[in-house]
Amino acid sequence: MIRVIVVDDHPALRAGLHTVLDSEPGIAYAGESNGSEESLWPLLHRVEPDIALLDYHLPKGDGLQLCYRIKQQVPAPGVIIFSAYASPELLLPARLAKADGVLNKGVAARELFETIRGVAAGEGLLAPPSAALLHEAHAHIAQEDRALVGMLLDGAGEAEAARTLGTTVSDVRHSVQRILSTLRQSAPVAG
Amino acid sequence: MGTRPSLGQLLPARIARPSDADDDGAWLLLFAGGRLAATLIGFALVAWAGFPAANSVLLLYGLLSTIILVALPGLRRRPETWAADYVVTLSFVLISGDWRSPFYLLWLASLALPATALPARRAIVLGAGSSVAYLALAIIGGPVPGRLQLISTETLAIHVSLPFMLVVSLAYAAEALRRLSAERSARERLAIESERRRIAWELHDSAKQRLHAAHLLVTSLRGRVPEPLELVVSRASIELESAAADMDTSLAELRSPLEGRRLDEALRSRAFELGAIAQTEIRLNGQAPELPPLVGAHAYRIASEALTNALRHADASLVEVNFSRRDGNLHVSILDDGRGLPTELRPGANGLVAMENRADTIGARLTIGRPPGGGTLIKLDIPLDHTGGHP
């Protein structure tokens, strides 16, 4: 049984997902949060879900930052960024934030189930960003951060990156959070 | 406030924007009435004094010029007209041979147009200059004040101080009203923008999320219902998808990157953000008029893409953005001193294509060229008469 939590600020979408996920054999709806700190972390610790379905556009924060912090948990659930506008530009920051998948909210239920099963099975569903996308993002990333971004996108771990750059893991994490927030600013306005 | 508008209530809205408001009936009536009154009082005074033939010809000017100024708004707004009127009426006073001439009133009336149209500081200069001019005229043209009796000296003082007082008070009122009107329109614009944002937010945050939920619910039925119902499910999900697409279109229109600012103001703050990162000097000259939201949004995105290109790909050290109005078009040019466009565009460089598409959408003309001095010159001609382009 794959246990899924939903992090989204809109009650109608949470309720819809509740019904839809529970209707699918092999997938269980394990709880929900509106994305606020007070509700999300207790839920994560209590439920220890396999998958978190995370809204990209949260009113009280940034879905990608939240994703990055969720992925630092031990054990970390698989995180699927569930966005109303899953544009290709989202791929790169999503990879940096260690998301396991990006899914448009407009998908059919079947695709949602398949993505959940794929991520739960440990498949990396996030395609590597294309050359054009990398080129575009390059301009948004400061010179001194490019080495770090390159390493992380190539799949290096934070510890490895920190060793290579001669810093600490927590410095690397701070840098990533900073880069995520600049990348968010350059992303399209609509979330 | 009574139902019948008083003079004070009539005035504000009329003089508030002198450029177009002086076409307004009430303001024009006041203006013409003032001039005609000056003419008639002068005429009566002259007639009482003995009606010399020359003076009646001069008085004709008051009537004719008022008719011409009322009939031709274009002429009325030109500083040359004001100057001519001013000089002619002042020379009437001079020709009449006495600074106490009744034509003085007509000359005073000629100050009304520049006093309401000029910015406050210039109007004060005009008022002071007019007082000095009249004093000079009284000394040169009329009986020398020193030889006059006390009562005449007092009259001279009034004659000299009146133009200054008149011009300054008119200018002060006009300036205050202009400011009031500008503030009001800015407030209205802000209110409209915040309303649009609220609608956009509600559409996105509420309606669209519900739509996604409904779509997920309906599509979860696929493969789980008997064959004949499959068709209903797939039809319903297609409808829901189309509704979501329609909503995206409305959202894009409601969300304007200008946020209630004029195009040049929005670009100025964008330039400030970009310049701070890239250490490139960005100069913006001129102003853009108010544009329909969609036109403004596309124009802004074209121009900011051009700015971004200049900074990121061309390594420019100076970018100049100019706004000007020509032949009913808003002309925006972005010139940088960078290394110019590559002869072969890199694959995936769809920025330029997107710029062209945007220009097409708002019926604007986009030209991208290499000026002889190097760098890149991007020109955008936006027609100002259309009502919003097609989305």
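None of the values given here were measured: they were computed from a predicted structure.

*Asks:* What am I meant to see in the interface of chain A and chain B here?
*Replies:* With 21 residues of chain A at the contact, the number on the chain B side is 21 residues. Mapped by element, the contributors of at least two residues to the side of chain A that touches chain B are α1 (11–23), α5 (109–120) and α6 (131–138) of chain A. Sorting elements by how many residues they give to the side of chain A that touches chain B places α1(A) first, with eight residues. The residue makeup of the side of chain A that touches chain B, split by class, is 13 nonpolar, six polar and two charged.

*Asks:* What exactly am I supposed to notice about α5(A) here?
*Replies:* Along an α-helix, residues three or four positions apart point the same way, because every turn accommodates 3.6 residues. All names here are of chain A. If you check α5, its first and last C-alpha atoms are 16 Å apart, about what 12 residues at 1.5 Å a residue would give, namely 16 Å. Ala-109, Leu-112, Thr-115, Ile-116, Val-119 and Ala-120 are the residues of α5 that are buried. Seen along its axis, α5 keeps its buried residues to an arc of 130°; they face one direction. Looking at the residues trailing α5, positive phi occurs at Gly-122, about 85°.

*Asks:* Looking at this model, I keep getting lost on the sheet that holds strand β5 (residues 376–383) of chain B. Mind explaining?
*Replies:* By way of backbone hydrogen bonds, the strands of a sheet pair with one another, either parallel or antiparallel. All names here are of chain B. The five strands are arranged β1-β2-β3-β5-β4 in an open sheet whose pairing can be described as mixed. Looking at strand neighbours, the two that pair on one side only are β1 (281–285) and β4 (365–369), the edges of this open sheet. Across the sheet, the axes of successive neighbouring strands diverge by a mean angle of 10°, strand direction being ignored. As defined by bridge partners, β1 adjoins strand β2 (residues 318–326) across five bridges and the pair is classed as parallel. Bridging across to β2, Leu-284 finds its partner in Val-321. Seen against the sheet, helix α13 (residues 293–312) touches β1, β2, β3 (329–336), β4 and β5 and runs at an angle of roughly 175° to β5.

*Asks:* Please clarify how the packing of helix α6 (residues 79–96) of chain B against helix α7 (residues 103–110) of chain B should be interpreted in this entry.
*Replies:* When two helices pack together, their arrangement is given by the angle between the helix axes and by the axis-to-axis distance. Residue and element names in this part refer to chain B. Across the interface, α6 lies against α7 with an axial gap of 9 Å and an inter-helix angle of 165°. Put simply, α6 runs roughly antiparallel to α7. Taken as a pair, α6 and α7 cross one another with a handedness that is left-handed. The segment α6 lies against α7, with Asp-85, Tyr-86, Thr-89, Leu-90, Phe-92, Val-93 and Ser-96 engaging Phe-103, Tyr-104, Leu-106, Trp-107 and Ser-110. Considered class by class, the residues forming the contact of α6 with α7 number eight nonpolar, three polar and one charged.

*Asks:* Would you mind showing me how to read the sheet that holds strand β2 (residues 27–33) of chain A here?
*Replies:* All names here are of chain A. Reading across the sheet, the five strands line up as β2-β1-β3-β6-β7 and stay open at both edges, with parallel pairing between neighbours. Single-partner strands in this sheet number two, and they are β2 and β7 (101–104). In this sheet, adjacent strand axes meet at a mean angle of 25° when their direction is disregarded. Pairing geometry for strand β1 (residues 2–7) and strand β3 (residues 51–55), over four bridges, is parallel. Note that in β3 the partner of Ile-5 across the bridge is Ala-52.

Calculation rules
Throughout, residues of each chain are indexed from 1 in the direction in which the sequence is written. Here the convention is simple: chains get letters from A, ligands get numbers from 1, in the order in which they are written. Per-residue local features of the predicted model are confined to residues with pLDDT of at least 70, and side-chain atom pairs are confined, for both listing and counting, to 80 or more; whole-chain, interface and lining totals are unaffected and use all residues. Our contact criterion uses C-beta atoms placed from the backbone: two residues qualify when those atoms are within 7 Å. Elements are defined by DSSP. Helices are runs of H or I of four residues or more, strands are runs of E of two residues or more, and each kind is numbered from the N terminus. Under the scheme applied here, ten amino acids are nonpolar (Ala, Val, Leu, Ile, Met, Phe, Trp, Tyr, Cys and Pro), four are charged (Asp, Glu, Lys and Arg), and all others, including Gly, are polar. How far a helix is expected to stretch is found by multiplying one less than its residue total by 1.5 Å. Buried means a residue has 20 or more other C-beta atoms within 10 Å of its own C-beta, exposed means 12 or fewer, and partly exposed covers the counts in between; C-beta atoms are placed from the backbone. The arc under discussion is defined with respect to the helix axis, by the directions toward the C-beta atoms. Note on pairing: two strands pair once DSSP finds at least 2 bridges between them. Every axis in this analysis is a line fitted to C-alpha atoms, fitted for helices over the stretch in contact. Angles between the N-to-C directions lie between 0 and 180 degrees. Each angle receives one of four descriptions, namely roughly parallel if under 35 degrees, roughly antiparallel if over 145, roughly perpendicular if within 65 to 115, and oblique otherwise. By definition, any crossing whose near helix is turned counterclockwise from its far helix by less than a right angle is left-handed, and any crossing with a clockwise turn is right-handed.

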